[in-house]
Amino acid sequence: MKVLLAVFTALLGAASAAAPAPESSRVLLVINENSQDSRSIGAHYAARRALPQSNVLRIRVPDGERISRSDYHQKIRKPLAEHIRRNGLDAVDFIVTTKGVPLVDERGFSVDSMLTRAMTGEDTQMMNPYFGQAVPFSRRLFGIFLVTRLDAYTAAEAKALVDRALKAPGKRGTILLDIDPFQDTREGYRDVNRDMRDAALRLFERRADYRLDSTDTFVGGMKDLGGYYSWGSNDSRFNKDAYLSNRFVYGAIGETVVSTSARTFRPETGGQSLIADLIRNGITGVKGYVTEPYATARARASILFPRYLDGFNLAESFYAASPFICWKDVVIGDPLCAPYRKPSGR
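Treat the numbers as computed from the prediction; the structure is a model and nothing was measured.

The rules behind the values
Residues numbered from 1 in each chain as written. Predicted model: local features only at pLDDT ≥ 70, side-chain atom pairs only at ≥ 80, totals over all residues. Heavy atoms only, no water. Helix = DSSP H or I, 4+ residues; strand = E, 2+ residues; numbered from the N terminus. Buried < 20%, exposed > 50% of the residue type's maximum accessible area, 1.4 Å probe, protein only. Contact = heavy atoms within 4.5 Å. Areas by Shrake-Rupley, 256 points an atom, 1.4 Å probe, with all protein chains shown as cover. Lys, Arg positive; Asp, Glu negative; His and termini not counted. Charge placed at Lys NZ, Arg CZ, Asp CG, Glu CD. Polar contact = N/O pair within 3.5 Å; in protein donor to acceptor, adjacent residues only side chain to side chain. Salt bridge = Lys/Arg side-chain N within 4 Å of Asp/Glu carboxyl O.

Undergrad: Help me out: how do you make sense of the overall build of the protein chain in this one?
TA: Broken down by element type, the protein chain carries 11 helices and 12 strands. Taking the principal axes of its C-alpha atoms as reference, the protein chain extends roughly 75 × 45 × 35 Å. Among the 346 residues that make up the protein chain, the fraction classed as buried is 58%. Summarising the internal contacts of the protein chain: among those between residues at least 6 apart in sequence, 78% fall at separations of at least 24. On the protein chain, roughly 14300 Å² of surface is accessible, and the fraction owed to carbon and sulfur atoms is 53%. Of the charged side chains in the protein chain, 48 are positive and 39 negative; the average position of the first set lies 5 Å away from that of the second.

Here it is as C-alpha cells:
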C-alpha cells in the first residue's frame, strides 16, 4: 500500500506540474492610480477574473488620453517590463489596460499597440508575427504580448465589457457584414468588400448565422447581433441613427473601417463614427484606431470571425486578423472572452 500511495502521489504531482496555468495568470492588468475610472474598472476586472495580486501593475501618469512618447517609455513601458521581470510573470501573454491609462502618443501611435513590444521597447510600425496564425497564442512562441483595453464612455460601460465576456457562452447571434458597393469602384478600398465576401463564404462553411448585405443601404435596427463589420461613417450611405440602433448579444465582436474610430472614449459630437457607441449598444469586443492607420491595418473579417467561431479567444481572434503592431490599433474587450471554445479546449 505504501508503494502504491507513493506512486499515486508521484503521478498526481506530475499531472499538477503538467496542468496548464490558470487563465488569470496569463493576464497583466494595468491600472493608473491617478484615475478613479481606472481604479474602479481595474478592481472590477481583477475581482471577476480572480487575478493574482502580482498580476496587477499600478502606474502613476496624468489622467488623460494623451501621453508623450518619452513618458510612455519612462512611466508605462519600463515599469511594466520591470514588474514582469521582478515577479517572474513568465506566464503572462495578455496585457489589459483600463480607461484612464493614456491612449495615444504625440505621433498618433496607440499606447496599447506599442505595449505589444513592451519587453524590447520597439515603438514603430512592424509586422505582427501572429497575423494569420491559427494556433493558440503564447508570448514564448511569438515574442509579443496581445494587448486589449477596457474603455468606454463611462466606467460603468467599461465594466459591462467584463460582465458580458463572462456571460458570453450562451445565445448565438447573427454576424452582419455590411458592404458599401460604392467602394468596389475605388482602388485600395475594394479589397475590404472582397474580404467581407470571403468572410461570408467561411461563415457559410461553418454553418454560422450571418447576413451579407450588398445593397447601398447602411444597415441598422438589427437585434441580437453576434458580430458586426461595416464601413461606419465611411459608408457612402452612412446613417448615424442606423449606426446607433443595432444591438448585440453577449460575446459579440466587431470592426468598422473608420480611420479614427478609437480617437477618444469621451462623448463628442461631429467627426467620424466612434466604436464607443457600439460598446454602449452592447458589443463585447471591437477594434478601432487612434489616428489614420490606412485600410491595410484593418482586421480581416475573413480571419476575425472564423477564428472566434473556432474557439479562439477575443485577443487571439483580433490579433490573428490584424497585420501590424506598434501602430494605431486599439482592441477593446476582455482578452480571455471565448464563447465558442469547447469545454475541453478548441
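From this point, the discussion proceeds with the structure in view.
Undergrad: I would appreciate a short explanation of the side chain of Thr148 in the present structure.
TA: As for its placement among the helices and strands, Thr148 is situated in strand β5 (residues 146-150). Thr148 gets classed as buried once you look at its relative accessible area, which sits at 0%. Reaching out from Thr148, the side chain makes a polar contact with the backbone oxygen of Gly333 at a distance of 2.8 Å. Here Thr148 is in contact with Ile95, Val96, Thr97, Asp112, Leu314, Ala315, Val331, Gly333, Asp334 and Pro335, once residues within four sequence places are set aside.

Undergrad: Which parts of the structure should I look at to understand the pattern of salt bridges?
TA: Opposite charge on two side chains allows them to pair when their charged atoms are near. Tallied over the entire structure, the rule returns 28 salt bridges. Among the ionic pairs, Arg341 bridges to Glu23, the shortest N-O distance being 3.7 Å. Here Arg341, found in the segment after β12 (329-332), pairs with Glu23, found in the loop between α1 (2-18) and β1 (27-32); they are 318 residues apart in sequence, far enough to count as distant. Look at Glu23 and you get partly exposed, because its relative accessible area is 29%. Residue Lys99 is joined to Asp151 by a salt bridge in which the shortest nitrogen-to-oxygen separation is 3.3 Å. With Lys99 in the loop between β3 (94-98) and α4 (111-114) and Asp151 in the loop between β5 and α6 (155-167), the pair connects residues that are 52 residues apart, well separated along the chain. Judged by relative accessible area, Lys99 falls into the buried class, the value being 8%. Take Asp151: its relative accessible area is 3%, and that puts it in the buried class. Taken together, the salt bridges that share partners define one network made up of Glu23, Arg26, Asp93, Glu316 and Arg341.

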